[in-house]
Amino acid sequence: EFLLVLPHSGAVGETKSVVQKDAEFDVTYNDTVTSENQTIYAFNHTVSRNRTEGVRVSVDVLSQGFESPILFVVRQKQAVLSFQVPLILRGLYQRKYPYNHVGRTLCQPPTRALSETQYFFVDVSTLSSQGTNYQLRVSRVESFTLQTDKKFSFTASPSQPQYFKYVFPDGVDTVIVKVNSDMNFPCSVMSIQDIQCPVYDLDNNVAFIGMYQTMTKKGAITVQRKDFPSNSFYVVVVVKTEDEACGGPLRFYPLRPDELIDAGNRSKILDVVVTPAINSKVYVMGMLFCLGIFFSFYLLTFLVACLDNKRCDVLEQHPSKLLLLCLQLTKCLFSLPSCPPLLSPLPSSERSLDSVGRSRQESLSSVEEDDYDTLDDINSDKNIVRTKKFLCVSDLARKDKRVLSKKYQIYFWNISTIAVFYALPVIQLVITYQTVVNVTGNQDICYYNFLCAHPLGALSAFNNILSNLGYVMLGLLFLLIVLKRDIVHNRAMVRNDLNALECGIPKHFGLFYAMGTALMMEGLLSACYHVCPNYTNFQFDTSFMYMIAGLCMLKLYQKRHPDINASAYTAYACLAAVIFFSVLGVVFGKGNTVFWIIFSVIHILATLLLSTQLYYMGRWRLDSGVLRRMVYIIYTDSIRQCSGPMYIDRMVLLVMGNIVNWSLAAYGLIERPNDFASYLLAIAICNLLLYFAFYIIMKLRSGERIKCLALVCILFTAVVWGFALYFFFQGLSTWQKTPAESREHNRDCILLLFFDDHDIWHFLSSIAMFGSFLVLLTMDDDLDTVQRDKIYVF
C-alpha cells in the first residue's frame, strides 16, 4: 500500500491523495471515499488458455449520495469497465430508478500463453466533499463456463446482470440456449454475444450487439458455430427496469423531471441450459419425410387412374360384362325418381314450363339477349322460370355452354393475376424482415416457436416453411386431376356424347382451377408469413384462406345454379372487401367498440341482402320501394293468408345461416376478440360448413346417392380435419401478445425432432383441404347419367 499526493484539479493549493492497496479475492473492503482521496485496489490472478474463470465485482453504497455518486473504474489488460453507484437506469418517459447495490462481471481477454498472471485495478473516486461509505468485494464466479446439457441456476437484477461463457464442443455445430424462470416478472432480456470486451450487460445497452430477446418465463435462441469464429460465446441475462416490454403493467406514470423512483425488489431467479441442436441428418430426414408424404398422394392418384383405365379395358374386351354393367345402370336409372320422392308431383302448368325448358335445352339454343326482341321479354322469361316452386337443373342451365365456360375461366385467370401481384411484394417484404432480424439480432421482431425453430441459411425457422410444401404439391395435384377431367369432358363433347350434353351437373372447371391455384398460393404465402411471423404480416397467411372458403361456397352454389352464379369480378370484389375489413380489424379492432359496432351492423346487413338474393334467385330489386314491397308481402302472405314460405328448403337454409351469422356478430360485439383475422375466417368457415352440410342433406333427401369414392373422401376428410384442428389449437405462439408472452407457449418438437405442432397442422390441413376439393369434384358423379330435368335444384 502506498500514498500518492497529487494537485487537486478543482482549486489552487488543494491536494488529492491517491491510495493504492493490494487486494485479494473474496474479501469485503469497507471504506470511505471523498473528493479529497481516491483509492485504487490492485488484484492479480492467473489466467489459463484452456480454462476461463469469471471475476465479479460487487459494490454496495451505504449512504444516499444521488447528486455526487461514487465512480468505479475497473482497468484490465484489454478493457475498461466503469459504472457509478447509485446506478441510475432509465425507463419510459425518462423515469429514473436508482440502485445502490451493483454487481458486474468482468470480461476475460483471451490469452495466447498456456498460463499467465494478469493484473486489474479498481479505482474508486467521487466529487462529493462529504465522506461516502461503500463496500467492495471481488470474487471468482463459479460455473462461469456452461456445460452442455447441464442446468445452472442464478439470480439477476437490473443492477446485477449475469453472463456466462459457452464453448462449442467438438462435433457440435448448432446449439439451443434455453433460459427459464418460474417467475413471469420482472421482465428480462437474454442475449448472445461474441467473446469480446466490453460485454453489453445493462438494460440500456444490451441490444447493441449480438442476438437478443425479451422473456418472462421462457427464452430460447438457436446459435450456430459459423456465426462465432472463436467457437464460443457469452450468454447474457439482464433484468429490465420496467415490465412494459413484456406486457406487464407500468407501476408509475410520468412524474416530475429528475424525480427518482424506488424500483423495489426486482431480483429474478433463472436457470440456463445449453443443448445440442439437430444435425444435418435430421434435416435430410425431415425433408424426405415431407416429400414422401405428399408424393404418396401422387402415387395413389396414379394407381386409381390406372385401375380405372384397366376397368374400362376389361369392359371393352368382355362385352358380356359391359352388357351387365348397362343393365345395372338402366335399373339404377329407372329406380331414380323424376323429382325428389318427398316432394309432390309438379302441377300441370309447371310441367309444361318444364317441358319448354327441356325443349330449349335439347335445341341447344343459348338464352342470351339476342334470342329476345326486347329486354322485357328476357326478364319475363327469367321471372317465370326462376320463381317456379320446384326447379330442376335444366331450368338453370339454359345458357350456351361455351359462354359459361369462358365466364368461369375468368376465375382462374383473375386469381392467377392476383397471385402474382400479391406474392411479389410479399416475398420482397419478408426477405427484408429476415435481413433486419439477422442484422439487428432483435429476435422480438418475429414470433417463432423458438424451442423448435431450425435455421437453414438466412431462414430462422426452416421447418415452418418446409411444412407448407403440402399446400403447393397437393394444389398442383388437384389441378392435374381437374385437367384430366376437363380433357375427358371436352372429348365427350366433341363426339356429341349424350351423357355429356344432356345429363348430370353441367361441367364447368374454371372454379376448380381457381381453387387449386388458391391452395398453391396459400402454401406460398403461409411460407412467406413463417419467414417472419408477426402482427404486421399475418394477413399474408389468411388472405387466400378467405379466397378458398369463398370459392368453395361459389362452387357449391354453381353446381345447381350454373346460369346465375356470381361473376368472377363480383366474387373477387367481395373477397377484396373481406380482406379490407380484415386489415382494418387487425389495425383498429383491438378493444375499439365503435369499430365492432360498425362491423357487426355491416355483417348483419350483408347477411340479410345475401339471404334475399339467394331466396329469390336474384329476381328482386334494391330500390326506394323495397320496404313497401316487404311490408306488402308480409301482410298478404303471413297475416291475411297465413301461408308459409313458398321455397321451404331455401328458407330453412337461410334461417339457419342468419342464426349462425347473427350469433357470430353478437359474439364479436360482446367479446371483441383480439385476433380479428381469425374471427373473420371463422365466419367464412362456419358458413361454408353450414352450406356444405345442407347440400349433402338435400342431396340424400332428394333420392340421390353418393358414390363410394366420394363417400371415402368425405369420411377421410372429416377425420383429417378433426386431427388438424386439434393441432391448430395448440397455440405455440401468438402475435396478439408481446413477444415475451408469446414465448411462454413455445414447446419442443414432437415429430422427428424437426417438426412442431404447427407443422403438423400444416401437413394435416393441406391434406384436408385437398380432400375437401376432391369431395366437391366427385360428390355429384352419381348424376352423370341422369337427365338434368330430373335433378333437383336446392
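Scroll up a little and you will see the structure.
To keep things clear, this report deals only with the structure shown in the data block. For clarity, every value in this text was computed on a predicted model and none was experimentally measured.

## So, the nonpolar core
Within the largest apolar cluster, 113 residues are counted, with the highest numbers of intra-cluster contacts made by Y411, L551 and Y572. Aside from chain neighbours lying at most four places away, what touches Y411 is G510, L511, A514, L551, L554, A566, S567, A568, A571 and Y572. Residues V55, I70, L81 and Y134 belong to the second largest nonpolar core, which totals 31 residues.

## Side note on a nonpolar patch on the surface
Where nonpolar side chains cluster on the molecular surface, the patch consists of I597, V601, L605, L608, W662, L669 and I670 and spans about 640 Å² of accessible area. Among the elements of the structure, α12 (593-615) and α14 (648-671) are those that each provide at least two residues to the nonpolar patch. It is α12 that provides the largest number of residues to the nonpolar patch, a total of four residues. Checked against the element boundaries, L605 lands in helix α12. With relative accessibility at 48%, the residue L605 sits in the partly exposed group.

## A look at the packing of aromatic side chains
Evaluation of the coordinates by the stated rule reveals 53 aromatic pairs. Ring geometry for F72 against F83: centres 5.6 Å apart, planes inclined by 15 degrees, an arrangement best described as stacked. Highlighted residues: F72 in strand β6 (residues 70-75) and F83 in strand β7 (residues 80-85), separated in sequence by eleven residues. The pair formed by F72 and F83 is uniform in burial state, with each residue classed as buried. Where F294 meets F763, the ring centres are 5.9 Å apart and the plane angle is 50 degrees; that geometry is what we call tilted.

## Some details on the pairing of strand β18 (residues 218-224)
Within β18, six of the seven residues are buried, which leaves the element mostly enclosed by the surrounding structure. The pairing of strand β15 (residues 174-180) with β18 spans seven bridges and is antiparallel. Pairing of V177 across the sheet is with I221, part of β18.

## Quick look at the state of the cysteines
For the coordinates displayed, the defined rule picks out four disulfides. Here C107 is linked by a disulfide to C197, with a sulfur-sulfur distance of 1.9 Å. Between C107 and C197, the disulfide has an S-S torsion of 120 degrees and is therefore right-handed. You can see C107 sitting in the loop between β10 (101-106) and β11 (115-126) and its partner C197 sitting in the loop between β16 (188-194) and β17 (211-215), a full 90 residues away along the chain. On the basis of relative accessible area, C197 is assigned to the partly exposed category, the value being 28%. Cysteines bonded in the chain are numbered consecutively along the chain; their disulfide partners then correspond to 1-3, 2-4, 5-7, 6-8.

## Digging into the sheet that holds β10
The sheet built from four strands is open, its strands ordered β3-β12-β5-β10 with antiparallel pairing. The sheet is open, and its two edges are formed by β3 (28-33) and β10, each paired on a single side. With strand direction ignored, the average angle separating the axes of adjacent strands in the sheet is 20 degrees. Both strand β5 (residues 54-61) and β10 contribute to a ladder of six bridges, which runs antiparallel. Each bridged residue has a counterpart across the sheet, and for V59 the counterpart in β10 is V102.

Reading the values: rules and limits
Residues numbered from 1 in each chain as written. Predicted model: local features only at pLDDT ≥ 70, side-chain atom pairs only at ≥ 80, totals over all residues. Heavy atoms only, no water. Core = buried A, V, L, I, M, F, W, Y, C linked by side-chain atoms within 4.5 Å. Buried < 20%, exposed > 50% of the residue type's maximum accessible area, 1.4 Å probe, protein only. Contact = heavy atoms within 4.5 Å. Patch = residues over 30% accessible without salt bridge, like charges linked within 9 Å, V, L, I, M, F, W, Y side chains within 5 Å. Areas by Shrake-Rupley, 256 points an atom, 1.4 Å probe, with all protein chains shown as cover. Salt bridge = Lys/Arg side-chain N within 4 Å of Asp/Glu carboxyl O. Helix = DSSP H or I, 4+ residues; strand = E, 2+ residues; numbered from the N terminus. Phe/Tyr/Trp six-rings, centres within 6.5 Å; stacked < 30°, edge-to-face > 60°. Pairing = 2+ DSSP bridges. Disulfide = S-S within 2.5 Å. Axes fitted to C-alpha atoms, helices over the stretch in contact; angles between N-to-C directions.

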